[in-house]
Amino acid sequence: MAGAQEYKLGAFAFPRGWFMLGDAATLEAKPTTLHFFGKDMVFYRGQSGKPHLVHAYCPHMGAHLGKNSTSYVVRDGEQVQGESIRCPFHGWRFGEDGKCDDIPYSPNFIPKSACLKTYPVIERAGIIWMWHDPEGGQPDHELPAFAAWDKQDEGWVRWVIDDFGTLPIHQIEIVDNMADYGHMSPIHGSLDCQYFDNVFDGTKIIQRFDAGHRTLTDASSPVLSLDTWYEGPGILQSEMHGAFPSHMLIAHTPVEDGTVRLWHALMVKLPKADPSAEDLEMARAFQVASRDALAQDVEIWANKEASINPMQIPADGPYGKVRLWYRQFYNPREEAAATHKRIDGTVITFGEKRPDPIAA
Ligand code: FES
Ligand SMILES: [Fe+2]
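Cut-offs and rules
Each chain carries its own residue numbering, running from 1 in the direction its sequence is written. Chain letters start at A and ligand numbers start at 1, both assigned in the order the entries are written. Only residues with pLDDT of 70 or above have their local features reported here, since the model is predicted, and side-chain atom pairs are shown and tallied only from 80 upward, although totals for entire chains, interfaces and linings are computed over all residues. Just so you know, side-chain values use all the structure's heavy atoms and leave hydrogens and water out. Relative accessibility decides the category of a residue: with a 1.4 Å probe and only protein chains considered, values under 20% of the type maximum give buried, values over 50% give exposed, and everything between is partly exposed. Comment: elements are numbered from the N terminus, with helices defined as DSSP H or I runs of at least four residues and strands as E runs of at least two. Think of it as the arc spanned by the lines of direction from the helix axis to the C-beta atoms. Any two residues whose heavy atoms approach within 4.5 Å are treated as being in contact. Water is not among the atoms examined, so metal sites may look incomplete; donors are the N, O and S atoms within 2.8 Å of the metal, or within 3.2 Å for Na, K and Ca. The salt bridge definition used is simple: a Lys or Arg side-chain nitrogen within 4 Å of an Asp or Glu carboxyl oxygen. UniProt positions are given in the numbering used here, feature names are shortened, and annotations may be inferred rather than shown by experiment. Polar contact is defined as a pair of N or O atoms within 3.5 Å, subject to the rule that within protein one atom must be able to donate a hydrogen and the other to accept it, and that residues adjacent in sequence are counted only when both atoms are side-chain atoms. The criterion for an aromatic pair is that two Phe, Tyr or Trp rings (for Trp, the six-membered ring) have centres within 6.5 Å, with stacked assigned to planes under 30 degrees apart, edge-to-face to planes over 60 apart and tilted to the rest.

J.: How would you summarise helix α5 (residues 319-327) if you had to cite specific residues and measurements?
T.: Listing the buried residues of α5 in full gives Tyr319, Val322, Arg323, Trp325 and Tyr326. Projected down its long axis, α5 shows its buried positions confined to an angular sector of 155 degrees, all on one face. Where the residues of α5 are buried, they touch α2 (172-175), β14 (190-201), β15 (204-213), β16 (224-231) and α6 (336-343).

Below, the structure written as C-alpha cells:
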C-alpha cells in the first residue's frame, strides 16, 4: 500500500475538494461515526433534518460524541437539540458553528476556546458530501449540481447508491483511468475505437471517448459516445449517449493515506416521465450493467500493486499529465493557477477529430 508521499503528490497527505460521505438515506439523525481522511468524525442531523459533520472528540476532555449508548444524555434523547450536539460525558453542547452554547453545570461561564471543529457538508442528489481542505479554507470550486436528480418530470430515473466498500489502493490509481485508453478493449470490451482525448481545464478534467462495444451496442446505435469528467479530485461523472441517455457517478473518498472508499450510481432518462414498473426495471438494469463495468476495474484495483511510475508508451493516454493535474489538490491552493496555466489544453490519444462532438 503506497501513500501520497510515495506517489510524490505534494505537501498534504489528503486532497482538497468535495467528497462523498455516504448515501443520504443511510445517514440518519442519530450521531454516526465516520472515518475518512485518517480522521474520526461524527455525522448527525439537527432537528430540522439538516446534516452536520463535526470532529469526533469533545474539546473538553476528549469524549467521543458518536460512540455512546449508556449516558443519560443519549438515553433520554437529549443529545441533539435544535442544530446542536451535546457531549455524553459532561453534557457540554455545541452549536452548528461548533461553539459551545451550553454547559449545564456552569450557567455563567463558557470558555471561548470551547469549540468543536466542524466541516462544510451538503445533502444533494441523495448523497451527503463534505468539503475537505488541509488548509482549512472554504470551497474554491462548486459541488456539481447533479441536475438530472430533479428532472424526474423529464423522464430521469433517480439513482440508487452502489457501495464498493474500501479498497486497498490510493485513489490516484482510480483517477489514472481518465487517461487509460489501453484498458478499454481488454477490460470493458470496447471495439473499433474512433476517438479518445483528454481536456485539462482548471479543476476539471474531461475524457471524450467514442467506440463500439461488445455488448452495449447493437446495429441501430453501433457507437457508444462517452463524456466523462472529474470536477475536483473525488467526483467523476459520465454521460453516455447510447440507446438511452444516462448520467453516471463514481465517487471516491480517502479513508487512510493509501486506502479509498468507492461508490457508483447511475441515472437513466426514459422516453417518458411517469415510467411504468417495466420502464423502471429497465432503468435499474442499466445501472446494474454500469456497476458491473466498474466492477471490472475494481477487480484490478483491489488486487494490483502500486504503480508509482507507470511505464508509459506513446500509444497510452497522458498518465503523467493526469497525475500533474491531480497534484494541484495536494498542494496550497495559491499554487493551483500556475498548474492550470501549465497543463490546460487538449491531448488527443486516438483519432484526429471527434466524429460528432458532444459538449461535456
Ligand atoms: S468530555 Fe465532553 S463534556 Fe466533557
Ligand atoms: Fe475502466
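J.: Which residues make up the coordination of the iron ion (ligand 2), and what values go with them?
T.: Listed as protein donors to the iron ion (ligand 2) are Asn177 (OD1), His183 (NE2), His188 (NE2), Asp297 (OD) and Asp297 (OD); their distances from the metal cover 2.1 to 2.7 Å. All donor residues of the iron ion (ligand 2) come from one chain, and their arrangement in sequence is N-x5-H-x4-H-x108-D. Since its relative accessible area comes to 18%, Asn177 is described here as buried. His183 gets classed as buried once you look at its relative accessible area, which sits at 9%.

J.: Outline the pattern of salt bridges, listing residues and values.
T.: All chains considered together, the criterion is met by 16 salt bridges. When the shortest N-O distance is used, the salt bridge between Arg208 and Asp197 registers 2.6 Å. With Arg208 in strand β15 and Asp197 in strand β14, the pair connects residues that are 11 residues apart, well separated along the chain. Here the salt bridges do not stand alone but share partners, grouping Arg16, Glu135 and Asp140 into one network.

J.: Which residues make up the environment of Gly189, and what values do they have?
T.: With respect to the secondary-structure elements, Gly189 resides in the loop between α3 (184-188) and β14. The class for Gly189 is buried, based on a relative accessible area of 8%. Separated by 23 residues in sequence, Gly189 and Gly212 have C-alpha atoms that sit 8.6 Å apart. Setting aside residues no more than four positions away along its own chain, Gly189 makes contact with Met184, Gly212, His213 and Arg214.

J.: Lay out the UniProt feature "domain: Rieske" (unreviewed entry) in the protein with the relevant residues and their values.
T.: Per the UniProt record, "domain: Rieske" (unreviewed entry) is annotated on residues 18-130. For residues 18-130, the helix share is 4%, the strand share is 38%, and the end-to-end C-alpha distance is 6 Å.

J.: Now, about the side chain of His141: what can you tell me, with residues and values included?
T.: Along the chain, His141 turns up in the loop between β11 (127-132) and β12 (156-157). Only 2.9 Å separates the side chain of His141 from the side chain of Asp140, close enough to count as a polar contact. Excluding anything up to four places from it in sequence, His141 contacts Arg16, Gly17, Trp18, Trp131, Thr203, Glu231, Gly232, Pro233 and Phe329.

J.: Mind laying out the packing of aromatic side chains, listing which residues take part and the relevant values?
T.: All chains considered together, the criterion is met by 15 aromatic pairs. Geometrically, the ring pair formed by Phe146 and Trp159 is edge-to-face, given 5.8 Å between the ring centres and 65 degrees between the ring planes. Placement of the pair is Phe146 in the loop between β11 and β12 and Trp159 in the loop between β12 and β13 (162-167), with a sequence separation of 13 residues. Phe146 gets classed as buried once you look at its relative accessible area, which sits at 2%.

J.: Any chance you could break down the environment of Asp316 for me, citing the residues and the numbers?
T.: Within the secondary structure, Asp316 is located in the loop between α4 (277-303) and α5. Judged by its relative accessible area of 18%, Asp316 falls in the buried class. For the pair Asp316 and Leu21, spaced 295 residues apart in sequence, the C-alpha to C-alpha distance is 33 Å. Ignoring anything within four residues of it in the chain, the contact list for Asp316 reads Met311 and Thr349.

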